[in-house]
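Listed below, chain by chain, are the residues.
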Amino acid sequence: MIYLHVFWVFFLTNILGYGGGPATIPLIQKEVVDHYHWITTQEFNEALAMGNALPGPIATKMGGYIGFQVGGYIGSGLAIFATVAPSLILMLTLMGLLYKFRTSPQVKRMTLYVKPTIAVLLGVMTFQSFYESYFQIGIGHVLFLGIGSYLLMEKVKVHPGLIVFASLIYGAINL
């Protein structure tokens, strides 16, 4: 039964979160942390950080990791397949329709509505991560990592993957 749940969680979240990893991450978090309690918020954030540091799509890496934690190799394979299948099906179907009606005002308006929705979902997830971090590690560490990350990315132009990796090392040292 656990395999069915793993498949359903990642299939459903990837259907509802059409647009890729950033749109699905808050939905996955809601299911695996809040609904099924497969992992904690801290474990989810750590998996997300590692997923961001590694090359490739975030959602499939998250699915593979969480699926493995819950159901071993079979769970991992099912989660990865469930992550990819809806996007593939929807992409082929929608691309055909969008291409056919690409000059339609309704299609242009639809794409304008998707962007703010994703921004709100990411904002909520960011606030939740900040809130949890504030109580788990304290404001000093949060500000150091936040300001340091900003300065390194914006002023020094360091690759975000390196900053995530350095933050993971910082967190491991300061536990």
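Parameters at a glance
Residues numbered from 1 in each chain as written. Predicted model: local features only at pLDDT ≥ 70, side-chain atom pairs only at ≥ 80, totals over all residues. Heavy atoms only, no water. Helix = DSSP H or I, 4+ residues; strand = E, 2+ residues; numbered from the N terminus. Buried < 20%, exposed > 50% of the residue type's maximum accessible area, 1.4 Å probe, protein only. Contact = heavy atoms within 4.5 Å. Patch = residues over 30% accessible without salt bridge, like charges linked within 9 Å, V, L, I, M, F, W, Y side chains within 5 Å. Areas by Shrake-Rupley, 256 points an atom, 1.4 Å probe, with all protein chains shown as cover. Salt bridge = Lys/Arg side-chain N within 4 Å of Asp/Glu carboxyl O. Axes fitted to C-alpha atoms, helices over the stretch in contact; angles between N-to-C directions. Left-handed = near helix turned anticlockwise from the far one by under 90°. Nonpolar A, V, L, I, M, F, W, Y, C, P; charged D, E, K, R; others polar.

**With respect to the overall build of the chain**
Looking only at helices and strands, one finds 7 helices and 0 strands in the chain. In sequence order, the secondary structure elements of the chain are arranged as α-α-α-α-α-α-α. Structurally, the chain occupies a C-alpha span of about 55 × 45 × 25 Å along its principal axes. Out of the 175 residues in the chain, the part that is buried amounts to 27%. Taking the intrachain contacts of the chain between residues at least 6 apart in sequence as the baseline, contacts between residues at least 24 apart amount to 52%.

**Topic: a nonpolar patch on the surface**
A contiguous nonpolar patch, built from Phe127, Phe130, Tyr131, Tyr134, Phe135, Ile139, Leu143, Ile147, Tyr150 and Leu151 and spanning about 1000 Å² of accessible area, is present on the exposed surface. Of all the secondary structure elements, the ones that give two or more residues to the nonpolar patch are helix H5 (105-137) and helix H6 (139-154). Relative to the helices and strands, Ile147 resides in helix H6. Exposure remark for Ile147: the relative accessible area of 49% places this residue in the partly exposed category.

**Digging into the packing of helix H1 (residues 2-16) against helix H4 (residues 58-100)**
Geometrically, a packed helix pair is captured by the angle between its two axes and the distance between the axes. In the contact formed by H1 and H4, the axes pass within 8 Å of each other and the chain directions differ by 35°. H4 is crossed by H1, and the crossing has right-handed handedness. Its residues assigned to classes, the contact of H1 with H4 shows 19 nonpolar, 7 polar and no charged.

**Observations concerning the side chain of Ser149**
Mapped onto the fold, Ser149 is located in helix H6. Assessed through its relative accessible area of 16%, Ser149 is described here as buried. Every residue in contact with Ser149, bar those within four places of it in the chain, is listed here: Ile163 and Ser167.

Note that every value here comes from positions in space, so none of it alone points to a role or purpose.
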